[in-house]
Amino acid sequence: MHLDINRTYLLLGSNLGDRELYLERAIQLISEKVGVVIARSSIYETEPWGNTNQPGFLNLALGVDTRLLPFELLQAVLEIEKMLGRIRHEKWGSRLIDIDIILYGDDIIIVDDQLQIPHAEMQNRKFVLEPLAEIAPNLVHPVFRKTITEILTTLTDTLSVSKR
Ligand SMILES: Nc1ncnc2c1ncn2[C@@H]1O[C@H](COP(=O)(O)OP(=O)(O)OP(=O)(O)O)[C@@H](O)[C@H]1O
Ligand SMILES: Nc1nc2c(c(=O)[nH]1)N=C(CO)CN2
């Protein structure tokens, strides 16, 4: 239903330029174009995942109440990345700002070429789970039927993630 409000969890990352400023600008644009930011994690300094030969990231998680449908939300985050001048490099490479949709709604699963929800790699990434656990420890993953805290305990990712 168009009038429905859904809570979505987003993970923001930056590893180029004034990283903190890009995160702040992204949060501002999310509050203008996506919805009401109801929770915001600390900022975490995180070791690069994937291509390890790149600068460290700052990551943070947001909870946002949105009226956008999932594909509208994807369009909005891609537009915000573009507005902030994200340069697309190689997969898992450096970026001024990256906005990933981690979860949407209570029990929503989407598997599409353009959009996968829950985010396909979230369970493998400490840089996602730690900030998310700070704002939504008891949130249940709709596929694994486990909370974020429970998924964290099964994590094998050893890259360092520390609160700033
Ligand atoms: N849950 C999601 N959130 C954001 N983008 C997604 C999601 N699922 C699929 N995508 C697709 O991923 C594309 C972005 O890919 P990108 O090059 O940023 O990957 P990446 O950030 O390097 O890798 P990763 O997605 O593993 O973090 C988007 O254009 C979008 O179509
Ligand atoms: N620590 C960390 N590593 C990453 C990140 C990120 O946000 N944080 N984003 C990436 C893009 O896919 C690749 N690697």
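About the criteria used
- Residues numbered from 1 in each chain as written.
- Chains lettered and ligands numbered in written order.
- Predicted model: local features only at pLDDT ≥ 70, side-chain atom pairs only at ≥ 80, totals over all residues.
- Heavy atoms only, no water.
- Helix = DSSP H or I, 4+ residues; strand = E, 2+ residues; numbered from the N terminus.
- Buried < 20%, exposed > 50% of the residue type's maximum accessible area, 1.4 Å probe, protein only.
- Salt bridge = Lys/Arg side-chain N within 4 Å of Asp/Glu carboxyl O.
- Near = heavy atom within 4 Å.
- Polar contact = N/O pair within 3.5 Å; in protein donor to acceptor, adjacent residues only side chain to side chain.
- Areas by Shrake-Rupley, 256 points an atom, 1.4 Å probe, with all protein chains shown as cover.
- Nonpolar A, V, L, I, M, F, W, Y, C, P; charged D, E, K, R; others polar.
- Pairing = 2+ DSSP bridges.

(A) Quick look at the environment of Arg67. In this structure, Arg67 sits in the loop between strand S4 (57–66) and helix H2 (70–83). A residue is classified by how much of its surface remains accessible, and Arg67, at 49% relative accessible area, is partly exposed. In this structure, the C-alpha to C-alpha distance between Arg67 and Leu155, residues 88 residues apart in sequence, is 32 Å.

(B) Structural view of the pattern of salt bridges. Counted according to the given criterion, the structure contains seven salt bridges. Its salt-bridge partner being Glu79, residue Lys33 comes within 4.0 Å of it at the nearest N-O pair. Placement of the pair is Lys33 in helix H1 (residues 19–33) and Glu79 in helix H2, with a sequence separation of 46 residues. The class for Lys33 is partly exposed, based on a relative accessible area of 34%. One salt bridge in this structure joins Asp107 and Arg145, with 3.1 Å as the shortest N-O distance. Remark: Arg145 occurs in the loop between helix H3 (126–135) and helix H4 (148–153) and Asp107 occurs in the loop between strand S5 (98–104) and strand S6 (110–111); sequence separation between them is 38 residues. On the basis of relative accessibility, which here comes to 53%, the residue Arg145 falls in the exposed class.

(C) Structural view of the site of ligand 2. If you check the shell around ligand 2, you find ten residues, and the closest are Thr46, Glu47, Trp49, Asn59 and Phe127. At 2.8 Å, a side-chain N or O of Thr46 approaches a nitrogen atom of ligand 2. Contacts to ligand 2 include Asn59, whose side-chain N or O atom sits 2.8 Å from an oxygen atom. Surface burial for ligand 2 is 95%, taken as the share of its 340 Å² of free accessible area covered by protein chains. Classifying every residue of the shell around ligand 2 gives five nonpolar, two polar and three charged.

(D) Structural context of the pairing of S4. S4 sits mainly inside the fold: nine of its ten residues count as buried. Relative to S4, strand S1 (residues 6–14) runs antiparallel, the two being bridged by nine bridges. Across the sheet, the residue bridging to Thr8 is Val64, located in S4. Across five bridges, strand S2 (residues 35–40) lies against S4 in antiparallel orientation. Among the inter-strand pairings, Ala39 is bridged to a residue of S4, identified as Gly63.

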